[in-house]
Number of protein chains: 2
Amino acid sequence: MQLPGRSRLLLLLLLRAGGLRAGERSSSAMEEIATEKEAEESHRQDSVSLLTFILLLTLTILTIWLFKHRRVRFLHETGLAMIYGLIVGVILRYGSPSSSGHDKPFSCSQEDRPFTTLLVNVSGKFFEYTLKGEISPGKIHNVEQNDMLRKVTFDPEVFFNILLPPIIFHAGYSLKKRHFFRNLGSILAYAFLGTAVSCFIIGNLMYGVVKLMKLVGQLSDKFYYTDCLLFGAVISATDPVTVLAIFNDLHADVDLYALLFGESVLNDAVAIVLSSSIVAYQPTGENTHAFDAAAFFKSVGVFLGIFSGSFMMGAVTGVVTALISFLFTKLHCFPLLETALFFLMSWSTFLLAEACGFTGVVAVLFCGITQAHYTYNNLSVESRSRTKQLFEVLHFLAENFIFSYMGLALFTFQKHIFSPIFIIGAFIAIFLGRAAHIYPLSFFLNLGRRHKISWNFQHMMMFSGLRGAMAFALAIRDTATYSHQMMFSTTLLIVFFTVWIIGGGTTPMLSWLNIRVGVDPDQDPPPNSERGNRTKQESAWLFRLWYSFDHNYLKPILTHSGPPLTTTLPSCCGLLARCLTTPQVYDNQEQLREEDSDFILNDGDLTLTYGDTTITANGSSGSRTATTSLDGRKTKSSSEEALEHDLGMGDNEVTSRGTRLVFPLEDNA
Amino acid sequence: MQLPGRSRLLLLLLLRAGGLRAGERSSSAMEEIATEKEAEESHRQDSVSLLTFILLLTLTILTIWLFKHRRVRFLHETGLAMIYGLIVGVILRYGSPSSSGHDKPFSCSQEDRPFTTLLVNVSGKFFEYTLKGEISPGKIHNVEQNDMLRKVTFDPEVFFNILLPPIIFHAGYSLKKRHFFRNLGSILAYAFLGTAVSCFIIGNLMYGVVKLMKLVGQLSDKFYYTDCLLFGAVISATDPVTVLAIFNDLHADVDLYALLFGESVLNDAVAIVLSSSIVAYQPTGENTHAFDAAAFFKSVGVFLGIFSGSFMMGAVTGVVTALISFLFTKLHCFPLLETALFFLMSWSTFLLAEACGFTGVVAVLFCGITQAHYTYNNLSVESRSRTKQLFEVLHFLAENFIFSYMGLALFTFQKHIFSPIFIIGAFIAIFLGRAAHIYPLSFFLNLGRRHKISWNFQHMMMFSGLRGAMAFALAIRDTATYSHQMMFSTTLLIVFFTVWIIGGGTTPMLSWLNIRVGVDPDQDPPPNSERGNRTKQESAWLFRLWYSFDHNYLKPILTHSGPPLTTTLPSCCGLLARCLTTPQVYDNQEQLREEDSDFILNDGDLTLTYGDTTITANGSSGSRTATTSLDGRKTKSSSEEALEHDLGMGDNEVTSRGTRLVFPLEDNA
């Protein structure tokens with residue numbers, strides 16, 4: 001039995017059995033012509049509806065250009081896409097004729113379970129039908145409401161399988177490595193602990209709102225505690241795309257940028273896995289919606305399993321790609337082959353993760369990060385710009401598509417439930433959830449950080465809690481029940497509000513909070529905190545171990561950058577080292593250090609001043625893990641050698657803990 | 001009623017009604033879990049099968065690299081992709097377990113016409129089913145033969161709606177303009193007249209073979225004359241991708257390259273439209289498979305209508321894109337927006353053509369040519385390389401995907417009918433058809449051409465009649481009847497044979513035929529023919545009119561290249577001219593002439609020596625139209641001015657005939 005279940009890969013609907021068309025031609029000519037005409041008509045409608053979206057995007061692009069040209073900053077391209085979507089949605093909703101009438105459903109009783117395939121005998125000919133899904137008895141009569149509205153409604157899985165992967169991959173691939181790693185600890189804390197806190201607080205507040213609604217009599221159907229938590233997870237996925245675009249434009253403070261961007265990228269991953277875990281929470285026995293410890297721990301296990309599995313998938317494919325591009329060095333002469341290979345390998349991460357039951361989108365994120373860290377170093381100059389540009393275009397198109405679809409969905413989605421109390425409650429809840437996530441966490445992080453997160457940064461982060469594509473995709477994924485429909489409608493409104501109002505208010509807010517703009521991203525952070533030039537003994541040793549392992553062994557093995565293995569391996573392994581070291585390494589070192597400053601963790605940054613240990617913990621398992629944040633200053637490259645020799649020993653210990661360190665919460669958060 | 005008919009846009013299957021999932025959750029938890037597990041299983045299988053293809057492509061890329069590195073030329077990447085496809089096909093066919101068994105079809109009688117949507121009441125719950133297609137009664141029991149084989153079988157429309165468009169667009173966009181236009185007349189003659197001749201000859205020969213098979217008793221089902229003609233159309237689409245790759249590698253003669261490439265690009269378009277027209281040939285009355293003049297003329301009308309309609313769609317979207325990029329000049333600062341716009345507009349051509357009932361693939365071809373001719377001039381330098389690279393990657397992936405799918409299909413397609421007589425007959429027929437197309441046409445063309453098509457060129461063209469992606473896609477489009485299944489199997493074998501044997505024999509053939517290699521594509525053609533420097537009075541006036549109109553009015557209006565309108569328009573229109581002329585035109589002229597020599601018809605080439613009028617005619621309507629071939633030599637740019645002033649008058653007449661001239665057969669071939 002094949003329900004259009006949660007994880008159905010829509011892209012693969014394309015993989016349809018072509019072998020089932022036999023006999024199609026054996027009917028009489030007249031009926032065949034009529035049939036074909038209808039098929040053509042349907043095909044034409046499909047084309048028209050896709051054309052609608054393309055024209056929407058074209059309009060958006062032209063208007064964006066106008067805005068960029070005039071330096072308009074109060075409305076971002078995504079906000080614009082939503083407005084155009086809204087307009088077209090209104091036109092489709094009120095302008096198009098209702099049902100064409102020829103698709104009347106036919107009922108036929110059957111006592112068994114439903115089959116995937118149904119053969120129907122119509123005047124001697126057999127027709128094959130496939131199961132599409134179950135319909136609640138009350139909805140039977142408005143199933144075929146409006147052809148055009150149906151045509152412009154996508155299956156929610158399209159978002160997860162086609163539109164989100166390029167967006168998320170691009171985010172991972174374009175993480176500004178240096179600033180990201182400098183603030184890694186804080187970012188991980190915000191993403192994991194913060195998202196969990198936010199989810200839990202919003203969930204509980206919303207449960208209060210739901211109780212209130214029941215008291216007032218505003219709730220007509222079931223709304224469980226797990227639904228509230230799911231809403232918390234869905235709405236905790238922040239997407240400050242608007243804010244970051246303005247940051248980019250104005251060259252706002254790079255550390256704040258790294259914190260916001262890093263948090264939003266990772267918290268998308270956390271939110272996806274968190275919502276899957278909440279859905280997996282299915283207490284057994286009679287009290288299906290009360291607390292059940294076994295089910296709770298199962299959920300936690302699901303979270304850990306999916307997250308670490310997806311992380312591993314992404315990292316492994318990234319490393320394999322790096323190895324291939326490392327071994328097939330002569331691919332440099334054929335940038336087309338290189339780019340195609342890179343694209344295929346990255347896509348296969350997604351499919352591999354999905355095939356293994358993990359989350360493709362999360363795997364793709366970590367694949368992107370790994371590709372940027374290792375593979376990027378092995379690509380030819382042309383392939384570097386090709387891959388960046390390819391994913392940039394895909395990301396741009398997918399993002400604007402999603403946002404214009406959101407605008408459209410406000411009018412074309414046919415099962416909206418707008419409940420004023422729920423909506424107001426949700427706005428208050430996300431505000432409180434964001435506050436309870438940013439301020440306390442920043443306080444704790446500041447205890448450990450040398451370069452403190454100042455009050456204006458905290459306010460800016462609080463302000464930048466926009467919701468976007470991920471929240472929408474998670475909310476639309478399941479709109480089967482009353483509670484989920486209400487959650488979807490509310491999410492849509494929250495996205496609209498935050499993108500338009502907060503997005504528009506970013507520039508005034510930046511100046512009001514006195515946040516530096518016009519910063520050169522390659523410059524040092526400002527010496528506005530009382531940072532001393534402490535020695536490396538104070539830095540977090542775990543991170544240093546990972547870093548030196550990566551720098552001394554992984555990078556030389558996987559890429560043409562980094563120091564030659566011959567200098568990093570102990571002398572007893574000299575032969576092995578010489579086998580693994582390519583001549584390019586010796587030549588390329590200097591050149592690479594300059595070229596990739598945006599993309600590759602500039603080695604010099606991390607050597608002397610690590611500072612700043614922070615406390616990070618997961619929200620659900622209750623156990624706490626110490627992890628590290630680094631906030632180093634750019635020091636002279638000459639200091640590398642010292643660190644390398646200093647930390648040359650102890651690589652056995654690091655091997656087992658190294659991978660864990662960059663994302664230390666992969667299996668216990 | 002929605003049959004998966006010929007023109008069903010599969011891409012748009014994605015556009016599924018998301019509004020039909022209500023009630024899915026109201027069933028009991030146990031059954032739901034079972035259902036979801038099965039859905040997940042199916043999703044996993046989908047991922048695995050797509051992964052298979054991606055791994056195939058990855059392997060192909062790595063082997064190609066090895067081949068390119070070692071300069072192996074006997075096997076092209078497409079041939080390689082087919083071999084890998086074959087291997088995986090064998091594994092899937094004989095290595096995978098057969099049907100999983102849980103999808104038993106259910107029969108239910110109904111006396112009316114089949115509905116699109118079926119509601120089935122299963123123990124009180126309603127499930128929705130959608131119509132998939134008709135099944136011949138004999139096939140009911142092997143519908144669900146093998147899950148894995150079904151999963152790797154794509155709907156044929158995927159080729160037309162997803163894979164072919166980027167291939168064809170790229171072909172149009174990368175036509176080497178100068179050499180293409182220089183040989184335009186010959187190319188049009190080969191593509192239109194040649195394809196029609198080839199189709200007709202192959203069709204008739206195959207009808208003879210079919211008669212023979214009936215006599216010998218080798219034919220067990222119906223095989224009509226129209227089926228034979230359809231086979232002729234399908235197999236007439238040449239695709240010398242292998243040969244051209246070697247030409248590119250060895251820098252073989254540019255005119256021969258232009259002739260082969262131009263012919264194959266245009267004849268794909270002709271073959272598609274031709275096969276649609278043959279399918280549209282449906283005689284009324286009793287004698288459904290005898291000749292019917294009305295139906296014949298209807299077919300001719302369909303051909304003309306579809307071809308000219310698709311051509312217009314492509315040209316119009318190209319011109320609109322050129323206008324947009326012309327007006328929004330400041331888009332130059334945002335190459336991402338420019339590239340995205342270019343991509344969306346080109347895609348919308350396809351959808352627009354499909355929505356209007358024309359052929360998207362053909363429209364995309366002409367859109368590509370127009371984009372290269374006009375829009376390309378308006379793009380920023382970065383966008384030029386971005387668009388080229390984007391479509392290059394898409395083309396590369398799509399092409400290799402199709403070829404590896406072909407290899408796979410030999411084993412996974414479950415309805416092969418291999419008839420030795422038919423196959424041998426087909427090989428002889430395509431040989432004779434190619435010969436009857438190349439040699440007589442070349443003879444007639446040489447009567448008019450100054451720069452004769454020499455014997456070794458003719459032999460090479462004869463030899464390069466490979467069949468590839470288009471023939472396969474056309475053949476797999478309809479495999480419902482016995483005759484079509486036999487045609488499909490035969491086409492597959494022909495593609496294999498031609499790609500492997502002919503592709504491998506190209507390099508020996510080139511040296512055996514003494515064809516020049518190592519030619520600089522920007523050089524003049526060799527003075528090996530007795531060309532004089534005739535005056536322009538002898539050149540074909542129709543073409544000159546079109547050329548000067550394009551050069552003096554269209555190019556200045558649509559692009560930033562070409563002469564300023566102020567110099568080309570009569571003085572009475574001075575004001576208008578000044579409004580339409582941007583300052584860039586004055587600056588950009590010199591620069592553009594050098595940059596775009598590959599892409600843009602170099603203006604200097606066409607001015608003085610046009611020579612060579614050829615006779616071209618359509619194959620079906622019987623009327624003949626004179627058209628022109630140009631075979632000019634590169635002369636000094638200073639001669640432009642003279643021609644411009646000489647041909648400055650008479651632009652009214654040209655407006656109405658101008659567009660016709662470049663593809664003079666658009667509406668009567």
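Residues numbered from 1 in each chain as written. Chains lettered and ligands numbered in written order. Predicted model: local features only at pLDDT ≥ 70, side-chain atom pairs only at ≥ 80, totals over all residues. Heavy atoms only, no water.

Here we come to the overall build of chain A. What chain A contains, in helices and strands, is 24 helices and five strands. Here chain A holds 669 residues, and 65% of them are scored as buried. For chain A, the accessible area works out to roughly 24,100 Å², and carbon and sulfur atoms hold 63% of it. (Helix = DSSP H or I, 4+ residues; strand = E, 2+ residues; numbered from the N terminus. Buried < 20%, exposed > 50% of the residue type's maximum accessible area, 1.4 Å probe, protein only. Areas by Shrake-Rupley, 256 points an atom, 1.4 Å probe, with all protein chains shown as cover.)

Now for the environment of Gly208(B). All names here are of chain B. Within the secondary structure, glycine 208 sits in helix 6 (residues 184-216). Glycine 208 gets classed as partly exposed once you look at its relative accessible area, which sits at 38%. Here the alpha-carbon distance between glycine 208 and cysteine 228, two residues 20 residues apart in the chain, equals 9.4 Å.

Counting residues in each nonpolar core, the largest one holds 318 residues, and the members touching the most others are Met460(A), Phe472(A), Met460(B) and Phe472(B). Leaving out residues up to four positions away in the same chain, Met460(B) has contacts with Val243(B), Phe247(B), Leu256(B), Thr506(B), Met509(B), Leu510(B), Leu513(B) and Ile515(B). (Core = buried A, V, L, I, M, F, W, Y, C linked by side-chain atoms within 4.5 Å. Contact = heavy atoms within 4.5 Å.)

A word on the packing of helix 6 of chain B against helix 9 (residues 254-280) of chain B. Residues and elements named next belong to chain B. Contact pair helix 6 / helix 9: the axes reach a minimum separation of 8 Å and the direction vectors enclose 40°. As summarised for this structure, helix 6 and helix 9 are arranged oblique, according to the angle between their axes. As helix 6 runs across helix 9, the sense of the crossing is right-handed. For the pair helix 6 and helix 9, contact is made by Ser186, Ile187, Leu188, Tyr190, Ala191, Phe192, Thr195, Ala196 and Cys199 and by Ala258, Leu259, Gly262, Glu263, Leu266, Asn267, Val270, Ala271, Leu274 and Ile278, respectively. Of the residues that constitute the contact of helix 6 with helix 9, the class distribution is 14 nonpolar, four polar and one charged. (Axes fitted to C-alpha atoms, helices over the stretch in contact; angles between N-to-C directions. Parallel < 35°, antiparallel > 145°, perpendicular 65-115°, else oblique. Left-handed = near helix turned anticlockwise from the far one by under 90°. Nonpolar A, V, L, I, M, F, W, Y, C, P; charged D, E, K, R; others polar.)

A few words on the confidence of the model for chain A. Residues and elements named next belong to chain A. Residues of chain A with pLDDT of at least 70 account for 65%, and the chain-wide mean is 72. Note on residues 1-27: pLDDT is under 50 here. Beyond four places in sequence and across chains, it has 129 contacts. Every residue in residues 136-144 scores below 50 in pLDDT, and together they form 17 contacts with partners more than four places removed in sequence or on other chains. (pLDDT = per-residue confidence, 0-100.)

A separate point is a nonpolar patch on the surface. Residues and elements named next belong to chain A. Together, Leu205, Ile424, Ile428, Phe431 and Leu432 give the surface a local cluster of nonpolar side chains, amounting to about 470 Å² of exposed area. A total of four residues in the nonpolar patch trace back to one element, the largest contributor, which is helix 14 (residues 420-448). Residue position: leucine 432 is located in helix 14. (Patch = residues over 30% accessible without salt bridge, like charges linked within 9 Å, V, L, I, M, F, W, Y side chains within 5 Å. Salt bridge = Lys/Arg side-chain N within 4 Å of Asp/Glu carboxyl O.)

Next up on the list: the state of the cysteines. All names here are of chain B. What the rule picks out here adds up to zero disulfides over all chains. The thiol of cysteine 199 is unpaired, and the distance to the nearest cysteine sulfur, on cysteine 228, comes to 11 Å. Given a relative accessible area of 5%, cysteine 199 falls into the buried group. (Disulfide = S-S within 2.5 Å.)

Within the chain, His251(A) stands out as a residue other than glycine whose phi angle is a positive 50°. Examined against the element boundaries, His251(A) turns out to sit in the loop between helix 8 (241-250) and helix 9 (254-280). Accessibility expressed as a relative area gives 41% for His251(A), which makes it partly exposed. Even without a glycine there, the phi angle at Asn514(B) is positive, about 60°. Residue placement: Asn514(B) occurs in the loop between helix 17 (482-512) and helix 18 (541-558).

Bringing the pattern of salt bridges into the picture now. A pair can form between side chains of opposite charge whenever their charged atoms are brought close. All names here are of chain B. This structure, assessed with the given rule, holds eight salt bridges over all chains. Here arginine 386 ties to glutamate 382 by a salt bridge, and the two come within 3.2 Å at their closest N and O atoms. Remark: glutamate 382 and arginine 386 occur in helix 13 (residues 381-412); sequence separation between them is four residues, near one turn of the helix. Exposure remark for glutamate 382: the relative accessible area of 35% places this residue in the partly exposed category.

All names here are of chain A. For the pair helix 8 and helix 9, the least separation of the axes is 11 Å and the interaxial angle reads 155°. If you check the angle between helix 8 and helix 9, you find them roughly antiparallel. Helix-helix and strand crossings are classified by hand; for helix 8 and helix 9 the assignment is left-handed. Two secondary-structure elements touch here, helix 8 through Val243, Leu244, Phe247 and Asn248 and helix 9 through Leu256, Tyr257, Leu260 and Phe261.

Counting buried positions over the nine residues of helix 16 (residues 469-477) of chain A gives nine, a clear majority of the element. Within the span of helix 16 of chain A, buried status applies to Ala469(A), Met470(A), Ala471(A), Phe472(A), Ala473(A), Leu474(A), Ala475(A), Ile476(A) and Arg477(A).

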